[in-house]
Amino acid sequence: MSQFEFTHRRKNPLTGKWVLVSPHRNNRPWLGATEQNAPSNLPEYKSTCPLCPGNHRANDTCNPAYDNTFVFTNDFGALTTQATDPSAVLNNDNPLFEIEQATGECRVICFSPKHNKTLPELSVAEIRAVVDTWKQNYIELSAQYACVHIFENKGEVMGCSQPHPHGQVWAHNHLSTEIQLEQDNQRTYQQNHGGNLLGDYVKHESADGERVVYENEHWLVIVPFWAAWPFETLLVCKDDIRQFGQLTDTQSTTLAEAIKVLTTRYDNVFNCSFPYSMGWHSAPSNLTDNSYWRLHAHFYPPLLRSATVKKHMVGYEMLAESQRDLSPETAAKILKNASDIHYSQGNHNE
Ligand SMILES: O=c1ccn([C@@H]2O[C@H](COP(=O)(O)OP(=O)(O)O[C@H]3O[C@H](CO)[C@H](O)[C@H](O)[C@H]3O)[C@@H](O)[C@H]2O)c(=O)[nH]1
Ligand SMILES: O=P(O)(O)O[C@H]1O[C@H](CO)[C@@H](O)[C@H](O)[C@H]1O
Ligand SMILES: [Zn+2]
């Protein structure tokens, strides 16, 4: 038991938002929804999959017979380079009706040709290939756009519309709401305390250890003190790196190792393909001074009690503030103790 097993609130310094922590709530009776989480017996290739090698996509483009990662422009991109000036529809002089055009690029990144291999089921070398593809696309897109969002939605419960393991990159010149918020708070922290918010935080957590899930030479994985989702984790670079495009060879290899461990342990918590949405936060590329930024990734997994019972961020969370049913320290302990051998390899947690 951690020393935090009582009701209290915690503040997220990156966003300024508070989280209500009520550890006892996880013991309440549950007759609510259960999610489908059937074991995936997907084939290594599916002839109808628009992401599989050699197959046709929605607009009849044919994928190459790729044997590594594969990147294509989203056929239904949420952002395109097509600019439509909204002032023809609504003039922008009323502060209650602010509107602006949005343009950009959306790409899909297939992690491997295998239709049924999620990140934890890939080798470290195959995950390294994903890291290198992320880096290459970050460098290309950040030359043209200020804000580059590299992310993955894993599992149907996270709205993933294609089971073939993949991620996305959405790039645009406006700063997204989350990036603006984290930028303002990281800059204010530097102005008020002189240091780098996540750089200082990494040092505290590495020394404390209670919320550390995994650490290697260049990366720290923690359940952050302010985590909202039950098994939320923060993957932070321990070096003064601000953007994904800066990663060195050893930082990329050790990142692949960290992702292998974290995603394997996630799957081993409930012996299932653990759903999550994850994404990277880099300093926007239009800054003259980005010294207050630190490269990091957020993992937001919904599962709470089992492979089929998730946390619902609903009534109180939508109208008041996030609330969590087990302490971050308990979640960190469960993740730290989960096996590093994937359950599909015969490791079944007792
Ligand atoms: O022939 C095809 C088939 C699919 N796709 C693209 O492949 C992507 C697959 O992406 P995901 O499975 O990660 O999820 P979606 O983008 O479909 O949507 C999910 O992720 C979005 C971004 O997070 C939104 O949150 C959305 O609500 C949620 O359902 C889609 O964007 C889709 O447009 C193509 O480009 N061509
Ligand atoms: O109180 P209930 O119905 O058991 O629980 C539900 O509402 C709560 C308040 O929004 C949420 O914190 C829970 O995640 C949700 O499952
Ligand atoms: Zn596929």
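Rules used in this analysis
Residues numbered from 1 in each chain as written. Chains lettered and ligands numbered in written order. Predicted model: local features only at pLDDT ≥ 70, side-chain atom pairs only at ≥ 80, totals over all residues. Heavy atoms only, no water. Helix = DSSP H or I, 4+ residues; strand = E, 2+ residues; numbered from the N terminus. Contact = heavy atoms within 4.5 Å. Buried < 20%, exposed > 50% of the residue type's maximum accessible area, 1.4 Å probe, protein only. Patch = residues over 30% accessible without salt bridge, like charges linked within 9 Å, V, L, I, M, F, W, Y side chains within 5 Å. Areas by Shrake-Rupley, 256 points an atom, 1.4 Å probe, with all protein chains shown as cover. Salt bridge = Lys/Arg side-chain N within 4 Å of Asp/Glu carboxyl O. UniProt positions renumbered as here; feature names shortened; annotations may be inferred. Near = heavy atom within 4 Å. Polar contact = N/O pair within 3.5 Å; in protein donor to acceptor, adjacent residues only side chain to side chain. Nonpolar A, V, L, I, M, F, W, Y, C, P; charged D, E, K, R; others polar. Pairing = 2+ DSSP bridges. Axes fitted to C-alpha atoms, helices over the stretch in contact; angles between N-to-C directions.

A. Spatial organisation of the environment of Lys310. Position of Lys310 relative to the elements: it lies in the loop between strand E11 (296–300) and helix H5 (315–319). The sequence separation of Lys310 and Gln246 amounts to 64 residues, and the corresponding C-alpha distance is 36 Å. Apart from the residues within four sequence positions on either side, Lys310 is in contact with Glu35, Val157, Pro302, Leu303 and Leu304.

B. Quick look at the environment of Cys62. With respect to the element layout, Cys62 can be found in the loop between strand E2 (18–21) and strand E3 (70–73). Assessed through its relative accessible area of 41%, Cys62 is described here as partly exposed. It is 22 Å that separates the C-alpha atoms of Cys62 and Val130, two residues lying 68 residues apart in sequence. Apart from the residues within four sequence positions on either side, Cys62 is in contact with Gly54, Asn55 and His56.

C. Summary view of a nonpolar patch on the surface. Taken together, the side chains of Val89, Leu90, Leu96, Phe97 and Ile99 define a hydrophobic patch exposed on the protein surface, amounting to about 510 Å² of accessible area. Its place among the elements puts Phe97 in the loop between E3 and strand E4 (104–110). Classification of Phe97 by relative accessible area gives partly exposed; the value is 47%.

D. Structural view of the UniProt feature "domain: Galactose-1-phosphate uridyl transferase C-terminal" (unreviewed entry) in the protein chain. This chain's UniProt record puts "domain: Galactose-1-phosphate uridyl transferase C-terminal" (unreviewed entry) on residues 183–345. Structurally, residues 183–345 is divided into 36% helix and 17% strand, and its ends, taken at the C-alpha atoms, are 41 Å apart.

E. View of the site of ligand 1. Taken together, 17 residues surround ligand 1, and among them Ala58, Asn74, Asp75, Ser161 and Gln168 come closest. Within the contact set of ligand 1, a nitrogen atom lies 2.6 Å away from a side-chain nitrogen or oxygen of Asp75. With respect to ligand 1, the backbone of Gln162 contributes an N or O atom lying 3.4 Å from an oxygen atom. In isolation ligand 1 offers 680 Å² of accessible surface; the protein chains occlude 73% of this area. Mapped onto the shell around ligand 1, the elements with two or more residues apiece are strand E5 (147–154) and strand E6 (166–172). Across the shell around ligand 1, the residue classes break down as eight nonpolar, seven polar and two charged.

F. Looking closely at the sheet that holds E2. Spatial strand order, E1-E2-E12: three strands in an open sheet with mixed pairing. Edge positions in the open sheet fall to strand E1 (8–11) and strand E12 (322–324), since each of these has one partner strand only. Shown here is a sheet whose adjacent strand axes are inclined to one another by a mean of 30 degrees, direction ignored. Pairing between E1 and E2: four bridges, direction antiparallel. Residue pairing across strands places Lys11 opposite Trp18, the latter belonging to E2.

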